[in-house]
Amino acid sequence: MFPSLAHRPWHVFCRVSLQHRAPLSQRSPRFPQPSYGWQSGGIHSLWFSFPDCRVTTLGLGKVHYYSTSGNGKDGPPTPAAGEAPSAEKVLSAAPGLSPKGLTKAETIHVKVRAVLKKREYGAKYTQNNFITAVRAMNEFCLKPSDLEQLRKIRRRSPHDDTEAFTVFLRSDVEAKAIDVWGSHEALARERNLRKEVEKEYQENIFRNQQLLKEYKDFWGNTKPRSAQRATFLQGPGKVVMVAICINGLNFFFKLLAWVYTGSASMFSEAIHSLADTCNQALLALGISQSVRNPDAVHPYGFSNMRYIASLISGVGIFMMGAGLSWYHGIMGLLHPEPMESLLWAYCILAGSLVSEGATLLVAINEIKKSARQQEVSFYEYVMQSRDPSTNVVLLEDAAAVLGVIMAAGCMGLTSLTGNPHYDSLGSLGIGTLLGCVSTFLIYSNTEALLGRSIQAERVQKLTEFLENDPAVRAIHDVKATDLGLSKVRFKAEVDFDGRVVTRSYLEKQDIDQILNEIQQVKNPEELENFMLKHGENIIDTLGAEVDRLEKELKQRNPEVRHVDLEIL
């Protein structure tokens, strides 16, 4: 709007108002434009606003210039011969105005607004950054005794188990490192030496892990072992262990029956039981790995190991169970062979039906119990693969029961008709059944590993909790991901109410002291210091509000293990 003001380093805006009006007899004709601009020397600019365009006599008061740059380079314009500009010079630049008829009784009051000059932050300013004791010792090769003499600053802790922790100024740490090592070159040599030592340590990591294991055993650290043992005494671990024992016995007896009878269906059932035993052993390995504690390489833990084991199990069922059953069934159709007595085969199938049915009931009861705890139906629990290990046992045992019935029926048709093709068709049917089960397991576990969202109702519940907080204005970009084992990671961008956050800060302060500090502010430099002091404290209060929301969200929703609230 005012191009003359856009390129000026000295930002001064003036509003001029008249305190008195001249008599009507002294009024001159109306000005065609109520506002005019004035420039002096091409450096500074003033803008005059005349509320009454009928005034003809003006008087000039004193104009004060304020600078926030800390030097006099951008001060007021300097007139020739060191004299201050007169009223005639000021008004001579405005067309239609004449300095004639000016009176000293009327004054112009000029209000000046000072704008802080934009500060350029360079690399030196980041020396005021904070650094933890661990980083100080690792990056600057210092000892704990070296840090004792440095300035210690207490800051809000990012961890839930501690309220505050100690940090140091990076500039102090760097100065101490130079003092200890003598020069930057010596410090760089020490860093390279330690990197070589660390590389050597990584090369011998297996030996160090063994030593650490022996150290833990020496001090009686048996908590991981007891926790792992308890995992297989309840829940999915118990279901998997029962399935391993029963399927192992079934494989042994079915293999004997196949050797005795030569039935293709019995061979398929033996292969089916072997595949189930191997897959469930793989599930047991996945369960034992999933309860491991998070480490630096895997900060979110190992809960996805159950899905990985279930995915490999599905692939194994498809290749081992379905593939061999199809192969044996096709070979039976191409080269049929008569079968021997099927009495022992029927007995073994009957025993397998009872044992597989018992394992199926254990899996069903466990899924019903878990579904009630998570307030979902049995069907939703299975289809969403909430517990992949139990799902695998359920589907494998259901397929085993159906496979036993199918094998017994085809063997019965073969014994009645004398046609061995029925037995081969039974082998193909069992292979198709296993292929369907493996396809579902591969699909459901792949979806889980890709990171699927939780139900919309649960996401809405978490969002409403945050939106009902007074400090939150709005929630955007909500993402709630299922990490497995009923663990949820919640992420959202939060638009905070700055007034509520500021009021929360003021409630903890001495208002009288703040008022005294405000009254002592006399210039822009003091105002800047006042704002910087309380601005940093308000930012800390905002961080404390984020921590409070994350903590309350976890307490109200135990399944939420990781919360990431980003300030919008």
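Residues numbered from 1 in each chain as written. Predicted model: local features only at pLDDT ≥ 70, side-chain atom pairs only at ≥ 80, totals over all residues. Heavy atoms only, no water.

Colleague: Could you give an account of the packing of aromatic side chains, with specific residues and numbers?
Modeller: Under the definition given, this model contains two aromatic pairs. Centroid distance phenylalanine 252 to phenylalanine 253: 5.6 Å. Interplanar angle 70 degrees. Geometry classified as edge-to-face. With relative accessibility at 48%, the residue phenylalanine 252 sits in the partly exposed group. Judged by centre distance (4.9 Å) and plane angle (50 degrees), the rings of tryptophan 258 and phenylalanine 267 are tilted. Using a relative accessible area of 15% as the deciding quantity, one classes phenylalanine 267 as buried. (Phe/Tyr/Trp six-rings, centres within 6.5 Å; stacked < 30°, edge-to-face > 60°. Buried < 20%, exposed > 50% of the residue type's maximum accessible area, 1.4 Å probe, protein only.)

Colleague: Now, about the sheet that holds strand S6 (residues 153-156): what can you tell me, with residues and values included?
Modeller: Read from one edge of the open sheet, three strands run S5-S7-S6, paired in antiparallel fashion. Every other strand in the sheet has two partners, leaving strand S5 (130-132) and S6 as the edge strands with one partner each. Adjacent strand axes in the sheet meet at a mean angle of 55 degrees, parallel and antiparallel pairs treated alike. Its contacts with the sheet put helix H3 (residues 133-140) on S5 and strand S7 (164-169), and the angle it makes with S5 is roughly 85 degrees. Helix H5 (residues 170-181) rests against S5 and S7 of the sheet, and its axis sits at about 60 degrees to S7. (Pairing = 2+ DSSP bridges. Helix = DSSP H or I, 4+ residues; strand = E, 2+ residues; numbered from the N terminus. Axes fitted to C-alpha atoms, helices over the stretch in contact; angles between N-to-C directions. Contact = heavy atoms within 4.5 Å.)

Colleague: Which residues make up the side chain of arginine 452, and what values go with them?
Modeller: With respect to the secondary-structure elements, arginine 452 resides in the loop between helix H15 (421-449) and helix H16 (456-467). One buried charged residue, arginine 452, remains without a salt bridge, the closest side chain of opposite sign being aspartate 482 at 4.4 Å. Contact partners of arginine 452, with chain neighbours within four places excluded, come to Tyr307, Gln384, Ser385, Arg386, Ser444, Glu447, Ala480, Thr481 and Asp482. (Lys, Arg positive; Asp, Glu negative; His and termini not counted. Salt bridge = Lys/Arg side-chain N within 4 Å of Asp/Glu carboxyl O.)

Colleague: I'd like a description of a nonpolar patch on the surface, backed by residues and values.
Modeller: A cluster of nonpolar residues, Val315, Phe318, Met319, Trp326, Tyr327, Ile330, Met331 and Leu334, forms a patch on the protein surface that exposes about 780 Å² of accessible area. Mapped onto the fold, valine 315 is located in helix H11 (residues 305-334). (Patch = residues over 30% accessible without salt bridge, like charges linked within 9 Å, V, L, I, M, F, W, Y side chains within 5 Å. Areas by Shrake-Rupley, 256 points an atom, 1.4 Å probe, with all protein chains shown as cover.)

Colleague: Describe the sheet that holds strand S10 (residues 560-567), listing the residues and the values that go with them.
Modeller: Strands sit in the order S8-S9-S10 across an open sheet of three strands; the sheet is mixed. Every other strand in the sheet has two partners, leaving strand S8 (472-484) and S10 as the edge strands with one partner each. Geometrically, the sheet is characterised by an average inter-axis angle of 15 degrees between neighbouring strands, direction not taken into account. As defined by bridge partners, S8 adjoins strand S9 (residues 487-496) across nine bridges and the pair is classed as antiparallel.

Colleague: An account of the packing of helix H17 (residues 498-506) against helix H19 (residues 524-556) is needed here, citing residue identities and associated values.
Modeller: Between H17 and H19, the shortest axis-to-axis distance is 9 Å and the interhelical angle comes to 105 degrees. Overall, the two elements H17 and H19 adopt an arrangement that is roughly perpendicular. Contact with H17, carried on its side by Val501, Thr502, Ser504 and Tyr505, involves His534, Asn537, Ile538, Thr541, Leu542 and Glu545 of H19 and no other residues of that element. (Parallel < 35°, antiparallel > 145°, perpendicular 65-115°, else oblique.)

Colleague: Describe in detail a positive patch on the surface, supporting the description with residues and values.
Modeller: A surface patch of positive charge is lined by Lys238, Lys368, Lys369 and Arg372. Of all the elements, helix H12 (residues 343-373) adds the most residues to the positive patch, at three residues. Tracing the chain through its elements places lysine 368 in helix H12. Given a relative accessible area of 42%, lysine 368 falls into the partly exposed group. (Charge placed at Lys NZ, Arg CZ, Asp CG, Glu CD.)

Colleague: Residues and numbers for unusual backbone geometry, please.
Modeller: Note on backbone geometry: most residues besides glycine have negative phi, and most peptide bonds are trans. Even without a glycine there, the phi angle at cysteine 141 is positive, about 55 degrees. For cysteine 141, the position within the fold is in the loop between H3 and helix H4 (144-147). A relative accessible area of 3% places cysteine 141 in the buried class. Notably, aspartate 477 is not glycine yet its phi reads approximately 50 degrees, a positive angle. Structurally, aspartate 477 is set in strand S8.

Colleague: Lay out the nonpolar core with the relevant residues and their values.
Modeller: Val240, Val393 and Leu441 are the most contacted members of the largest nonpolar core, which has 38 residues in total. The set of elements that each furnish at least two residues to this core consists of helix H9 (235-261), helix H10 (264-290), H11, H12, helix H13 (378-383), helix H14 (388-417) and H15. At nine residues, the largest contribution of residues to this core is made by H14. Residues in contact with leucine 441, not counting those within four places in the same chain, are Gly314, Ile317, Val392 and Leu395. Grouped together as the second largest cluster of nonpolar side chains are 22 residues, Val488, Ala492, Phe496 and Leu565 included. (Core = buried A, V, L, I, M, F, W, Y, C linked by side-chain atoms within 4.5 Å.)

Colleague: Before we move on, could you go through H15 and cite the residues and values that matter?
Modeller: Across its 29 residues, H15 extends 42 Å between first and last C-alpha, which sits within 8% of the 42 Å expected from 1.5 Å per residue. Of the residues trailing H15, glycine 451 is marked for its positive phi of about 90 degrees. (Expected span 1.5 Å × (residues − 1).)

Colleague: Explain the confidence of the model for the protein to me, using residue names and the numbers behind them.
Modeller: When pLDDT is low, close inspection of the predicted coordinates is not appropriate. The predicted model of the protein averages 75 in pLDDT, with 71% of residues at 70 or higher. Long-range and interchain partners of residues 1-84, a stretch whose pLDDT sits below 50, account for 135 contacts in this model, where long-range means more than four residues apart. A low-confidence stretch, residues 86-94 stays under pLDDT 50, and its non-local contacts, those more than four residues away or across chains, total 13 contacts. (pLDDT = per-residue confidence, 0-100.)

Colleague: So what's going on with H9? Residues and values would help.
Modeller: Here H9 contains 27 residues, and its C-alpha end-to-end distance of 39 Å stays within 8% of the 39 Å for a straight helix at 1.5 Å per residue. Of all the positions in H9, only Pro236, Gly237, Val239, Val240, Ala243, Ile244, Ile246, Asn247, Asn250, Lys254, Ala257 and Thr261 are classed as buried. Remark: glycine 262 follows H9 within two positions and exhibits a positive phi of approximately 75 degrees.

Colleague: Would you mind going over the side chain of aspartate 172 in detail, with residue names and values included?
Modeller: If you trace the backbone, aspartate 172 turns up in helix H5. Ignoring anything within four residues of it in the chain, the contact list for aspartate 172 reads Leu150 and Arg151.

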